Amino acid sequence: MKIGVLSVQGAVTEHLRHLEQCNVESIAVKNRETLQQVSGLIIPGGESTTIGKLISIFGLADSIRKRSKEGNLAIFGTCAGMILMARDISDGLPGQPSLNLMDVQVKRNAFGRQQESFEMELQFNSLDHPLTAIFIRAPIIEKTGSGVTILASLPEGIVAARQDNLLATSFHPELVKDLRIHQYFIDMCHSLSS
Ligand code: GLN
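These notes cover the structure that comes with them.

Parameters at a glance
Residues numbered from 1 in each chain as written. Predicted model: local features only at pLDDT ≥ 70, side-chain atom pairs only at ≥ 80, totals over all residues. Heavy atoms only, no water. Near = heavy atom within 4 Å. Polar contact = N/O pair within 3.5 Å; in protein donor to acceptor, adjacent residues only side chain to side chain. Areas by Shrake-Rupley, 256 points an atom, 1.4 Å probe, with all protein chains shown as cover. Nonpolar A, V, L, I, M, F, W, Y, C, P; charged D, E, K, R; others polar. 1 Å grid on protein atoms, 1.4 Å probe; cavity = no way out; pocket = protein on both sides within 12 Å on 5 of 7 lines; lining within 4 Å. Points joined across faces, edges and corners; volume = space filled by probe spheres on them. Helix = DSSP H or I, 4+ residues; strand = E, 2+ residues; numbered from the N terminus. Core = buried A, V, L, I, M, F, W, Y, C linked by side-chain atoms within 4.5 Å. Buried < 20%, exposed > 50% of the residue type's maximum accessible area, 1.4 Å probe, protein only. Contact = heavy atoms within 4.5 Å.

Our next topic: the site of the ligand. For the ligand, the full set of nearby residues is Gly45, Gly46, Glu47, Ser48, Cys79, Ala80, Ile83, Arg108, Asn109, Ile136, Arg137 and His172. Separating an oxygen atom of the ligand from a backbone N or O atom of Ser48 is a distance of 2.6 Å. When isolated, the ligand has an accessible area of 300 Å², and the protein chains bury 97% of it. Each residue belonging to the shell around the ligand can be placed in one class, and the counts come to 4 nonpolar, 5 polar and 3 charged.

Shown next, in the form of structure tokens:
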């Protein structure tokens, strides 16, 4: 089983390193050929508008949507990746690109200026002890559809959620040593390919 990291912009190498540390074969996904090889895809943090525009230009957006709808690709979006997966973006720019995969409404820049970046201990459902979560100009989930399970929340809103083969976090698990969130996603990919 191979897991890809969407490699057009953003925190790509950190995710690849975490997958390696979890002993999973990983690959940088830059085109449709590499996308076809993977059972799981991580969409990293970065700039959602830039990533969204580039994946449309490279013809990747439609292929990701298609494989996700067919149910043979698990997808994990972190931060900008979460924004790209959302059905609705409440403060999106005109023409804001979206993959429109997950039944959630997000707010892109949900934490005010003074809180643009912060780190905290966060309780994540199904993990027995909290994890250190790093938020960088992070989005939150404001609304969820009925098929969405909330995995972690703050007073400001939901910061991790799952819908079938889709996982999204507002924070950056690739920036801490803890591998549990990557392992959680790897387990999702395993159950898909078994
Ligand atoms: N708020 C940024 C965006 O709109 C995401 C920030 C991040 O990925 N660290 O893309």
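What follows covers empty space enclosed by the protein. This structure, assessed with the given rule, holds 1 cavity of 30 Å³ or more. Taken as a whole, the largest cavity spans an internal volume of roughly 30 Å³. Elements represented by at least two residues in the lining of the largest cavity include exactly β8 (131-136) and α6 (180-193). Of the residues that constitute the lining of the largest cavity, the class distribution is 5 nonpolar, 1 polar and 2 charged.

With that settled, consider the nonpolar core. Grouped together as the largest cluster of nonpolar side chains are 35 residues, with contacts concentrated most on Ile3, Phe111, Phe124, Phe135, Phe171 and Phe185. Elements supplying a minimum of two residues to this core: β1 (2-6), α1 (12-21), β4 (74-78), β7 (117-122), β8, β10 (149-154), β11 (157-163) and α6. In this view, Phe171 contacts Thr78, Cys79, Leu122, Phe124, Leu131, Ala133, Ile134, Phe135, Val159, Ala160 and Ile181; residues no more than four positions away in its chain are not counted. In this structure, Ile55, Leu60, Ala61 and Leu101 belong to the second largest nonpolar core, which totals 33 residues.

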